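Summary of the model geometry
For reference, the chains in residue letters:
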Number of protein chains: 2
Amino acid sequence: MSLGENNLVEGNKAYAASFTQGDLALPPSHHYTGLTCMDARIDPAAAFNIPLGAAHVIRNAGASARDAFRSLVISQQLLGTTEVLLVKHTGCGMLTFDNETARGLVKKNKGEAAAKEVEGLDFLAFPDLEEKVREDVEWLKSRAVEEGIRVTGWVYEVETGKVRRVV
Amino acid sequence: MSLGENNLVEGNKAYAASFTQGDLALPPSHHYTGLTCMDARIDPAAAFNIPLGAAHVIRNAGASARDAFRSLVISQQLLGTTEVLLVKHTGCGMLTFDNETARGLVKKNKGEAAAKEVEGLDFLAFPDLEEKVREDVEWLKSRAVEEGIRVTGWVYEVETGKVRRVV
């Protein structure tokens, strides 16, 4: 068994043994969505204080609003959420490369067939953290389907555990 | 202040006050990625036993492998993860609608301009849970860029807190 599988199987036994919230409803009880990065140093439930059942949590590389668009529309139109907290973070890997670097690495590590698979892929990296928070919030607000949805942008500091509002 | 913002601001104060893990490295220390649904009833860190800093966590509507592809490639090629735990769950909203229903709701609730924005969008809903776990795992395994990556598929039961392996 791999390390990940072992974490899951062993840890889940203890979690399930004391689990008491099996009757939570499908729609988020606090009617919002947290959108943040996949970064291993972020624990959204704990750091952003999200009670179980309260909010959808979407996570992808860089907390990209464009990448999350499908999930956000489902969250809002199918499950009634009306608010998005978009949280990017300091020390994000997405600040450290660009499409050319990423494609080059894939080709070098995995070969031509793999390189072909990511040829048209935009990795959505970005050079400036707070600017990208603002830009993502603006992009969401400019969608017709997001009309009436409250959208705010934040930065989480992986060094301090603190969150601060950008927009 | 909205409910979501209040959760974040008030809860984060307490979290940051006792935060002691500000020196974790960017690459996940356990070298794997958890891929699961945005569903509000899932707390991956707790239910899947993921220590802070150990693994990337990607979340989207339905735990879609295709939707997560960009993030997975970044996790693996840029940050050295070698394993994916794909976890879908019982009671998933994605089992309850299709593209036609979703597009119809957008048009009815938000109007023509919004309907146009989701016209070409595949919502990636699915009618059978375990079949979709298997299909997503197979799809990932068939990518050249995923060669050498260990991929397993699981179901989390929101009713019991238990996880079980599918493939």
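Residues numbered from 1 in each chain as written. Chains lettered and ligands numbered in written order. Predicted model: local features only at pLDDT ≥ 70, side-chain atom pairs only at ≥ 80, totals over all residues. Heavy atoms only, no water.

So, on to the pairing of strand E2 (residues 55-60) of chain B. Residues and elements named next belong to chain B. In terms of residue burial, E2 counts as a mostly covered element, since 6 of its 6 residues are buried. Burial of E2 is two-sided: the residues Ala 55, Val 57 and Arg 59 facing one way and the residues His 56, Ile 58 and Asn 60 facing the other way are all buried. Looking at chain direction, strand E1 (residues 32-37) and E2 are connected through 6 bridges and run parallel. The residue of E2 that forms the bridge with Tyr 32 is Ala 55. (Buried < 20%, exposed > 50% of the residue type's maximum accessible area, 1.4 Å probe, protein only. Helix = DSSP H or I, 4+ residues; strand = E, 2+ residues; numbered from the N terminus. Pairing = 2+ DSSP bridges.)

Moving on, we come to helix H4 (residues 99-110) of chain B. Taking 1.5 Å per residue, 12 residues should reach 16 Å; H4 of chain B reaches 16 Å between its end C-alpha atoms and fits that length. Of the residues trailing H4 of chain B, Gly 111 of chain B is marked for its positive phi of about 95°. (Expected span 1.5 Å × (residues − 1).)

Many structure descriptions define interface size as the accessible area lost when the parts assemble. Contacts between chain B and chain A engage 88 residues on the former and 88 residues on the latter. Carbon and sulfur atoms supply 61% of the area that chain B and chain A bury against each other, a total of about 7300 Å² over both sides. A per-residue breakdown of the area chain B buries against chain A is headed by Leu 8, Met 38 and Arg 70 of chain B, which together make up 11% of the total. Put simply, chain B and chain A have 6 salt bridges between them. In this structure, Arg 70 of chain A and Asp 67 of chain B form a salt bridge, with 2.9 Å as the shortest nitrogen-oxygen distance. If you look at where chain B meets chain A, you find 41 residue pairs in polar contact (both at pLDDT 80 or more). At 10 residues, helix H1 (residues 3-17) of chain B tops the list of elements feeding residues into the side of chain B that touches chain A. Looking at the side of chain B that touches chain A residue by residue, the class counts come to 48 nonpolar, 23 polar and 17 charged. (Contact = heavy atoms within 4.5 Å. Buried area = accessible area lost by both parts, 1.4 Å probe. Salt bridge = Lys/Arg side-chain N within 4 Å of Asp/Glu carboxyl O. Polar contact = N/O pair within 3.5 Å; in protein donor to acceptor, adjacent residues only side chain to side chain. Nonpolar A, V, L, I, M, F, W, Y, C, P; charged D, E, K, R; others polar.)

The next thing to look at is the relation of the copies chain B and chain A. Aligned on chain A, chain B shows an RMSD of 0.0 Å; the corresponding rotation is 180° and the shift along the axis is 0.0 Å. Such values leave the two copies arranged in the relation of a two-fold axis. Relative to the rotation axis, the closest C-alpha in chain B is found at Arg 59 of chain B, a distance of 2.3 Å. Comparing interface residues between copies, 100% of those in chain B also lie at the interface in chain A; the contact surface is shared. (Least-squares fit on C-alpha atoms with pLDDT ≥ 70 in both.)

Here the focus is the pairing of strand E4 (residues 150-156) of chain B. Residues and elements named next belong to chain B. In terms of burial, E4 is a largely internal element, 6 of the 7 residues being buried. Here strand E3 (residues 83-89) runs beside E4; their pairing, made up of 7 bridges, is parallel. Looking at the pairing, Leu 85 lines up with Thr 152 of E4. Examined bridge by bridge, E4 and strand E5 (residues 163-165) share 3 bridges and lie antiparallel to one another. Each residue of the ladder has a partner; that of Trp 154, found in E5, is Arg 165. Between the end of E4 and the start of E5, which pair antiparallel, lie 6 residues, with Gly 161 showing a positive phi angle near 80°.

Here we take up the environment of Glu 131 of chain B. You can see Glu 131 of chain B is positioned in helix H6 (residues 129-141). We classify Glu 131 of chain B as exposed; its relative accessible area is 52%.

Our focus in this paragraph is the UniProt feature "binding site: Zn(2+)" (unreviewed entry) in chain A. Residue and element names in this part refer to chain A. Following the UniProt record, the feature "binding site: Zn(2+)" (unreviewed entry) maps to Cys 37, Asp 39, His 89 and Cys 92 here. Their sequence span is 56 residues, while the largest C-alpha to C-alpha distance among them is just 8.8 Å; these annotated residues converge on one region. Relative to the helices and strands, Cys 37 is located in strand E1 (residues 32-37). Residues in contact with Cys 37, not counting those within four places in the same chain, are Ile 42, Arg 59, Asn 60, Ala 61, Gly 62, Ala 63, Val 87, His 89 and Cys 92. In this structure, Cys 92 sits in the loop between strand E3 (83-89) and helix H4 (99-110). Of the residues examined, Cys 92 reaches a relative accessible area of 3% and is grouped as buried. Setting aside residues up to four positions removed in sequence, Cys 92 forms contacts with Cys 37, Gly 62 and Phe 126. (UniProt positions renumbered as here; feature names shortened; annotations may be inferred.)

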